[in-house]
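# Notes for the structure review
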Amino acid sequence: MKTLKITTEARAYSESEAKDYIEDFRVQAASKGYTVSAAGYTYKTKKKKGEVVAEAWVCKCVAEYNGIWEEDE
């Protein structure tokens, strides 16, 4: 059996932290043996009685290690 993709989700506490996380993910791709097939973040808020009481940035990164039809070398 071969690993094809691994999706990682992480919470960041600021937009700049989310951007840094994704940039680090992209930089590490070559050294860790994967390609980045998707990476991004979503801004989320928690509201109570109509007021924002918390906020977070959810980073989602997909590392692709192998394609479905790639031949073993």
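Attention in this report is confined to the structure presented alongside it. Values in this document were obtained by computation on a predicted structure and should not be read as measured data. (Residues numbered from 1 in each chain as written. Predicted model: local features only at pLDDT ≥ 70, side-chain atom pairs only at ≥ 80, totals over all residues. Heavy atoms only, no water.)

## Quick word on a negative patch on the surface
Spelled out, the test is: What makes a patch is a set of residues exposed beyond 30% relative accessible area and free of salt bridges, joined within 9 Å when like-charged and within 5 Å when nonpolar (Val, Leu, Ile, Met, Phe, Trp, Tyr). Areas reported here follow the Shrake-Rupley algorithm with a probe of radius 1.4 Å; residue values treat only the protein chains shown as occluding. The term salt bridge refers to a pairing of a side-chain nitrogen on Lys or Arg with a carboxyl oxygen on Asp or Glu at a separation within 4 Å. Here Asp and Glu are counted as negative and Lys and Arg as positive; His is not counted, and neither are the chain ends. Throughout, a charge is located at the NZ atom of Lys, the CZ atom of Arg, the CG atom of Asp or the CD atom of Glu. A run of H or I in DSSP counts as a helix once it spans at least four residues, and a run of E counts as a strand once it spans at least two, with each numbered from the N terminus. Only protein chains enter the area calculation, which uses a 1.4 Å probe; residues under 20% of their type maximum are buried, those over 50% are exposed, and those in between are partly exposed.
Judged by side-chain charge, Glu17, Asp20, Glu23 and Asp24 come together as a negatively charged surface patch. The topology assignment puts Glu17 in helix α1 (residues 15–32). The partly exposed category is assigned to Glu17, whose relative accessible area is 37%.

## Side note on the environment of Gly40
Heads up, the rule is: Two residues qualify as a contact provided that any one of their heavy atoms is within 4.5 Å of a heavy atom in the partner residue.
One can find Gly40 in strand β2 (residues 35–48). Residue classification places Gly40 among the partly exposed residues on the basis of a relative accessible area of 24%. Residues Gly40 and Val52, 12 residues apart in the sequence, show an inter-C-alpha distance of 23 Å. Among residues more than four places away in sequence, those in contact with Gly40 are Ile22, Val58, Cys59 and Lys60.

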